[in-house]
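Chain by chain, the residues run as shown.
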2 protein chains.
Amino acid sequence: MANEVKLLRSWSSPFALRIVWALKLKGVEFETIFEDLANKSSLLLQYNPVHKKIPVLVHNGKPVCESLVILEYIDETWNAAHPLLPKDPFGRAEARFWAKFSDDKLMPLIKKATIGQGEDKEEARVQTAENLKYVEELLKGKKFFGGETIGYLDLAFGWMAYLINVLEEVSGATLIKKEEFPLLSKWMENFYELPEFKESWPDRDRLITKFKNYG
Amino acid sequence: MANEVKLLRSWSSPFALRIVWALKLKGVEFETIFEDLANKSSLLLQYNPVHKKIPVLVHNGKPVCESLVILEYIDETWNAAHPLLPKDPFGRAEARFWAKFSDDKLMPLIKKATIGQGEDKEEARVQTAENLKYVEELLKGKKFFGGETIGYLDLAFGWMAYLINVLEEVSGATLIKKEEFPLLSKWMENFYELPEFKESWPDRDRLITKFKNYG
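From a predicted model like this one, the values you see are computed outputs, not experimental measurements. (Residues numbered from 1 in each chain as written. Chains lettered and ligands numbered in written order. Predicted model: local features only at pLDDT ≥ 70, side-chain atom pairs only at ≥ 80, totals over all residues. Heavy atoms only, no water.)

Draft legend 1. Here's a closer look at the pairing of strand β4 (residues 62-65) of chain A. Residues and elements named next belong to chain A. Inspection of the sheet shows strand β3 (residues 56-59) paired to β4 by four bridges, in the antiparallel sense. Residue pairing for β4: His59 is matched across the bridge by Lys62. Linking β3 back to β4 in an antiparallel pair, the connection comprises two residues, with Asn60 at a positive phi of about 50 degrees. (Pairing = 2+ DSSP bridges. Helix = DSSP H or I, 4+ residues; strand = E, 2+ residues; numbered from the N terminus.)

Draft legend 2. How the structure looks around the packing of helix α7 (residues 159-171) of chain A against helix α9 (residues 204-212) of chain A. Residue and element names in this part refer to chain A. The interhelical angle for the contact between α7 and α9, taken along N-to-C directions, is 55 degrees, at an axis separation of 10 Å. Relative to α9, the element α7 is oriented oblique. Judged by the sense of rotation from one axis to the other, the crossing of α7 with α9 is right-handed. Only Arg204, Leu207, Ile208, Phe211 and Lys212 of α9 make contact with α7, whose side of the interface consists of Tyr162, Leu163, Asn165, Val166, Leu167, Glu169 and Val170. Residues belonging to the contact of α7 with α9 are distributed by class as follows: eight nonpolar, one polar and three charged. (Axes fitted to C-alpha atoms, helices over the stretch in contact; angles between N-to-C directions. Parallel < 35°, antiparallel > 145°, perpendicular 65-115°, else oblique. Left-handed = near helix turned anticlockwise from the far one by under 90°. Contact = heavy atoms within 4.5 Å. Nonpolar A, V, L, I, M, F, W, Y, C, P; charged D, E, K, R; others polar.)

Draft legend 3. Local environment of the packing of α7 of chain A against helix α8 (residues 182-193) of chain A. Residue and element names in this part refer to chain A. Look at α7 against α8: their axes get within 8 Å of each other, and the N-to-C directions meet at 110 degrees. The orientation of α7 relative to α8 falls into the category roughly perpendicular. Across the interface between the two elements, Met160, Ala161, Tyr162 and Ile164 of α7 pack against Leu184, Trp187, Met188, Phe191 and Tyr192 of α8. Taken together, the residues of the contact of α7 with α8 sort by class into nine nonpolar, no polar and no charged.

Draft legend 4. Inspection of the interface of chain B and chain A at higher detail. At the interface, 26 residues of chain B touch 26 residues of chain A. In total, about 2,400 Å² of surface goes out of reach between chain B and chain A, with carbon and sulfur atoms giving 69% of it. Between the two partners, chain B and chain A, sit seven salt bridges. Where Arg96 of chain B meets Glu76 of chain A, a salt bridge forms, and the shortest distance between an N and an O atom there is 3.2 Å. Our count for the chain B to chain A interface comes out at 10 residue pairs in polar contact (both at pLDDT 80 or more). The set of elements that each furnish at least two residues to the side of chain B that touches chain A consists of β4 (62-65), α3 (67-77), α4 (89-114) and α5 (121-138) of chain B. The element best represented in the side of chain B that touches chain A is α4 of chain B, accounting for 10 residues. Tallied by class, the residues present in the side of chain B that touches chain A amount to 14 nonpolar, four polar and eight charged. (Buried area = accessible area lost by both parts, 1.4 Å probe. Salt bridge = Lys/Arg side-chain N within 4 Å of Asp/Glu carboxyl O. Polar contact = N/O pair within 3.5 Å; in protein donor to acceptor, adjacent residues only side chain to side chain.)

Draft legend 5. Region of the structure containing the sheet that holds strand β1 (residues 5-9) of chain A. All names here are of chain A. Taken in spatial order, the four strands of this open sheet run β2-β1-β3-β4, and their pairing is mixed. Two strands lie at the open edges of the sheet, namely β2 (31-34) and β4, each paired on one side alone. For this sheet, the mean angle separating the axes of adjacent strands, direction not counted, is 20 degrees. When β1 meets β3, the two strands line up antiparallel, connected through four bridges.

Draft legend 6. Representation of the layout of surface pockets in the model. Here the largest pocket is characterised by a volume of approximately 1,500 Å³. If you trace the largest pocket, you find 46 residues lining it, with Lys100 of chain A together with Phe15, Lys53, Glu66 and Asp103 of chain B closest to the centre. For the lining of the largest pocket, the elements supplying multiple residues, two or more each, are α3 (67-77) and α4 (89-114) of chain A together with α1 (14-26), α3, α4, α7 (159-171) and α9 (204-212) of chain B. The greatest single-element share of the lining of the largest pocket, amounting to eight residues, is contributed by α4 of chain B. Taken together, the residues that form the lining of the largest pocket break down as 22 nonpolar, six polar and 18 charged. Taken as a whole, the second largest pocket holds about 1,100 Å³ of empty space. As for the second largest pocket, its lining consists of 37 residues, of which Ser13, Pro14, Phe15, Lys53 and Met107 of chain A are closest to the centre. For the lining of the second largest pocket, the elements supplying multiple residues, two or more each, are α1 (14-26), α3, α4, α7 and α9 of chain A together with α4 of chain B. Sort the elements by how many residues they give to the lining of the second largest pocket and α4 of chain A lands first, with six residues. Its residues assigned to classes, the lining of the second largest pocket comprises 19 nonpolar, six polar and 12 charged. (1 Å grid on protein atoms, 1.4 Å probe; cavity = no way out; pocket = protein on both sides within 12 Å on 5 of 7 lines; lining within 4 Å. Points joined across faces, edges and corners; volume = space filled by probe spheres on them.)

These figures come from the coordinates and say nothing about function on their own.
The following block contains the structure:
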């Protein structure tokens, strides 16, 4: 069977970057299709009619949507190279729990604490700090969330490595002080410096412009 | 190793019922701990400090949180009896996609369309109908979402089988007409009548009182 892999993404989406990183780690060749989210292609509407969102992974003509679902699909389909999820059920459950926490709790909080409108910004900053403590805790005794190598949870949390300091610059808030979150700060550096991912980072100035015009 | 399984749940939570159903299907003995959500136990706060929510599955002293994560944990841990997720990666991705759709899109919409406050109720009803068409479509040529037997996605959608008609009664809205959604209506009946789950259904009058007092 032909192994035709396409990825519908945008230039800056952290959800789409998870897929770029996973495919890189697995050594899977793929074609990138950049979507203009202000003018979605008929391909995107056809492949993800429910949410009309990127990323979409199209593997031999079949679409898979939702970034965390795609990560599991990639891990199960190309299962020999670089396993992403741990082997044991409890470790897998933990990784899935914290990935969901990233998207449902941490990401909205950090957005609110930086580029959000309204008076609850200060409260969101306090809550962000509280929740980041859990993330710091996860890294105790480990280089990556996955242990010695990058795993599923590293990819899920990968947005922090390039977005947090952009959001800090745009908003003037400091969310992550090195002395308060030494392990997380080190992880962000390590993740950002990974040679495999070097080419994947969105242009920082363009991100700053994007978030300055946000809301 | 001892196999000690405890489930922290509430009397009515559809998320917790998923776990009750999965453990029943797998033939796993477990102890039930009913939580009063207005007065959460120290056990719940200890096991799920991040969200402080039920359900929590405690297996040999280790907590697993988030109902869809728990379902996967149960399927991987007791993998011999009654597999919940399909075997092939694409089928698994589809099941996970629709389970997420259930929780992130359909459930909030149906809540808004029935017991929600505000003027956008009518709009929510239109959107509910649109989104239920996808669900109807999934059942084409199948008895259950899992095929001939109940699978992960049936458990994820299980809340529809007992909650929708309660919400319809409380709100006076009709969300699911038999002639419009024949397959889904039949599935709701089949699921509700399953002998394995008979004892699990929350008391209907108590549910109606609960939702009448909602908001």
